[in-house]
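Below are the chains, spelled out letter by letter.
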Amino acid sequence: MARFFLLCAIMMLALFTSCQRAPEVPEISINEVWSRPVAVLAASAGTSSDSGMASMHHTGSNGVVYLIVENRGSADRLLRAHSEVCAVTEIHQTIMEGDRMMMQQAEGGLAIPARGNVTLAPRGHHIMLIDLQRSLAAGDSFEVHLEFEKSGVKTVFSKVRQP
Ligand SMILES: [Cu+2]
C-alpha cells in the first residue's frame, strides 16, 4: 500500500513539473486607432503659446489619438507616445472638476493589466498631439509610435475620421 502511495506521489510531481511553463510576457496588440480631423491654420503657426491645458483640448492646432490596447499576456505599461505630425505627444486622462471637464497628463503612463483591454476613447484616456505641424484631414492616416515598458516600441497607423 505504501508503495502505491509513493508511486502516486511521484506521478503527481511529474505532472506538476511538466505543467510549469516559461515565464509569461505581455502580448500586446493595438486596434481601432483613429483621430479626429483637425484643420491647422497656417497663420496660427508660431503665434500664441496657450498654456491653459483645459483650453487646449481638441481645439486649434492640437489633435487626439484614440485606440484599444489588447493584452493576452502579463501586465505592461504604455510609457509614452510619439508622432511626426506634432511637436509634443502626451498621454492624457480626462478628469471632472465640478462640472468642468479637464485633462491632465497620466503620471507614469498608462497601466495595461494582464489579459485585459484598455480603451482610449472620448471622455477617457487619449493620446494628445500638441502643436500639430499639419492638418489631419478625414481619410488621412499617420504613424504613431507607442513605447511600452516591456513590449518596446510598437508603430501603428491612426486613421483620421469623424467620431
Ligand atoms: Cu488631452
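Only a predicted model underlies this, so the values are computations on that prediction, with no experimental measurement involved.

A. Seen up close, the overall build of the protein. On a plain count of helices and strands, the protein comes out with two helices and 10 strands. Secondary structure elements in the protein, listed N-terminal to C-terminal, are α-β-α-β-β-β-β-β-β-β-β-β. A buried classification covers 21% of the 163 residues belonging to the protein.

B. Summary view of the nonpolar core. Ranked by internal contacts, the top residues of the largest apolar core, which has 23 residues, are Val65, Leu78, Val85, Ile127, Leu129 and Leu132. Elements with a contribution of two residues or more to this core: strand S2 (63-71), strand S3 (76-82), strand S4 (86-97), strand S6 (110-112), strand S8 (126-132) and strand S9 (141-148).

C. How the structure looks around the environment of histidine 125. By the secondary structure assignment, histidine 125 is in the loop between strand S7 (117-120) and S8. A C-alpha to C-alpha distance of 4.3 Å links histidine 125 and glutamine 93, two positions 32 residues apart in sequence.

D. Quick peek at the environment of leucine 67. Secondary-structure assignment places leucine 67 in strand S2. Separated by 89 residues in the primary sequence, leucine 67 and valine 156 place their C-alpha atoms 9.8 Å from one another. Those residues within four positions of leucine 67 in sequence are excluded, and the remaining contacts are Ile30, Asn31, Glu32, Val33, Leu120 and Val156.

E. Looking closely at the pairing of S4. In this sheet, S8 lies alongside S4 in antiparallel orientation, the contact comprising six bridges. Bridging from a neighbouring strand, histidine 92 pairs with histidine 126 of S8. One ladder, built from six bridges, connects S4 with strand S5 (residues 100-105); its direction is antiparallel. Each residue of the ladder has a partner; that of isoleucine 95, found in S5, is methionine 102. From the end of S4 to the start of S5, which pair antiparallel, there are two residues, and glycine 98 there has a positive phi angle of about 65 degrees.

F. Expanded view of the environment of alanine 121. Residue placement: alanine 121 occurs in the loop between S7 and S8. Once the C-alpha coordinates of alanine 121 and glutamine 93 are considered, the two residues, 28 residues apart in sequence, prove to be 9.9 Å apart.

G. Expanded view of unusual backbone geometry. Residues other than glycine seldom take positive phi values, yet arginine 115 does so here, at roughly 45 degrees. Phi is positive for aspartate 131, which is not a glycine, with a value near 60 degrees.

H. Quick look at the confidence of the model for the protein. For the protein, mean pLDDT is 86; residues scoring 70 or higher make up 75% of the total. For the stretch residues 44-59, pLDDT sits under 50, and the model shows 11 contacts to residues farther than four places along the chain or on other chains.

Thresholds applied
- Residues numbered from 1 in each chain as written.
- Predicted model: local features only at pLDDT ≥ 70, side-chain atom pairs only at ≥ 80, totals over all residues.
- Helix = DSSP H or I, 4+ residues; strand = E, 2+ residues; numbered from the N terminus.
- Buried ≥ 20, exposed ≤ 12 C-beta atoms within 10 Å, placed from the backbone.
- Core = buried A, V, L, I, M, F, W, Y, C linked by C-beta atoms within 7 Å.
- Contact = placed C-beta atoms within 7 Å.
- Pairing = 2+ DSSP bridges.
- pLDDT = per-residue confidence, 0-100.

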